[in-house]
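# Secondary and tertiary structure notes
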Amino acid sequence: MKQGESLNLLRTDFGEPAPVVTFPDLLLAKRKRNIGFTGDEALPFEVTHQVDAVDFYGYKSSYEALGLYLFQLLFSNKNHIHLTLTGEQSKIKDVFLYIDRTLVKDSFLKTEALALRSYGYYREQLEKFPLSGPGFSDRTLAPEDCPVFFYGWSDAQKRYLEDRVQYADQLIIGLTVDGLCALATILLDMAAEENDRDEVCLEHPDLGFGGTGKNSLEARFWLPHSFGFYGDSLDDVNL
């Protein structure tokens, strides 16, 4: 596929996901981003915020596979897919793709299960901040549908420690139906042969350019030969 072309993804194209999916060629790192608000040299102080983030390192084929796993989750009867990253350098080994299919928030309104049959994927040119809205991208997504990225802990005791981030060994990506489609198409666009965008950023909705939901980690996706992924092989990435 090339930019401007479309493909109809059908429910029948995807089987039910396996309980655990082994996923090579993708590395995750825990990062932080500092944001300064007052840098006037005449002032004896600077106000800064620090935002936690997770960085993804992969090939185009890695992001294509991740996007297709999201669509497999969308069309399945499951509410999550468990990916196990096999790369030795990855700081997080287990990734959970989780979908909340609740479209109606009123608990008094009873609905039938939503029947999802197909998705018309249209390949677009990719922007650095694809979910940041006008001025950054022509893509649109309601703030409440933006993806959320959360750390998780396989050891329940460590999630309560003050320095708990260093012990986080899971990543949970929480998605609504619209949010899943948005993130999946971004990943498939990133995998396009003609794509030359080697960095994609989903930032804090208040302290950054937006793209993630409230209380989420920021997320950055890197391809080889980028500012964050200098070489052409994951073996060259030093985390």
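Anything mentioned here points back to the structure above.
Residues numbered from 1 in each chain as written. Predicted model: local features only at pLDDT ≥ 70, side-chain atom pairs only at ≥ 80, totals over all residues. Heavy atoms only, no water.

### Examining the sheet that holds strand β8 (residues 148-152)
- Taken together, the five strands give an open sheet; going across it, the order is β2-β5-β6-β9-β8, and neighbouring strands pair in mixed fashion. The sheet is open, and its two borders are formed by β2 (21-23) and β8, each paired with just one other strand. On average, adjacent strands in this sheet sit at an angle of 25° to one another, irrespective of strand direction.
- Along the sheet, helix α1 (residues 60-75) contacts β2, β5 (80-85), β6 (94-100) and β9 (170-176); its crossing angle with β6, the most-contacted strand, is approximately 40°.
- Helix-sheet contacts for helix α2 (residues 177-190) involve β6, β8 and β9, and the interaxial angle to β9 is about 115°. (Pairing = 2+ DSSP bridges. Helix = DSSP H or I, 4+ residues; strand = E, 2+ residues; numbered from the N terminus. Axes fitted to C-alpha atoms, helices over the stretch in contact; angles between N-to-C directions. Contact = heavy atoms within 4.5 Å.)

### Focus on the sheet that holds strand β11 (residues 218-222)
- Strand order in the open sheet made by the four strands is β3-β4-β11-β10, with mixed pairing throughout. Strands at the two margins of the open sheet, each flanked by one partner only, are β3 (26-36) and β10 (199-202). Strand-to-strand twist of the sheet, defined as the mean angle between neighbouring strand axes without regard to direction, takes the value 20°.
- Inspection of the sheet shows β3 paired to strand β4 (residues 48-58) by eleven bridges, in the antiparallel sense. Paired with L26 across the bridge in β4 is G58.
- Against the sheet, α1 contacts β3, β4 and β11, and its axis sits at roughly 100° relative to β4.
- Packed onto the sheet, α2 meets β10 and β11 and runs at close to 25° relative to β11.

### A closer look at the side chain of E218
- Relative to the assigned elements, E218 resides in strand β11.
- There is a polar contact of 2.9 Å between the side chain of E218 and the backbone nitrogen of H204.
- Once residues within four sequence positions are removed from consideration, E218 is found in contact with R33, V51, D52, A53, V54, L202, E203, H204, G208 and T212. (Polar contact = N/O pair within 3.5 Å; in protein donor to acceptor, adjacent residues only side chain to side chain.)

### Regarding the pairing of β10
- Burial along β10 is two-sided: the face carrying E199 and C201 and the face carrying V200 and L202 are both buried.
- Taken together, the four bridges between β10 and β11 define a ladder with antiparallel strand orientation. When the sheet's bridge partners are listed, C201 is paired in β11 with R220. (Buried < 20%, exposed > 50% of the residue type's maximum accessible area, 1.4 Å probe, protein only.)

### With respect to the side chain of S137
- Within the secondary structure, S137 sits in the loop between β7 (118-122) and β8.
- Only 3.2 Å separates the side chain of S137 from the side chain of E127, close enough to count as a polar contact.
- Among residues more than four places away in sequence, those in contact with S137 are E127, F129 and P130.

### Quick look at the environment of S233
- Mapped onto the elements of the fold, S233 is located in the segment after β11.
- For S233, a relative accessible area of 18% gives the class buried.
- Residues S233 and Y121, 112 residues apart in the sequence, show an inter-C-alpha distance of 29 Å.
- Reaching out from S233, the side chain makes a polar contact with the backbone nitrogen of D235 at a distance of 3.1 Å.

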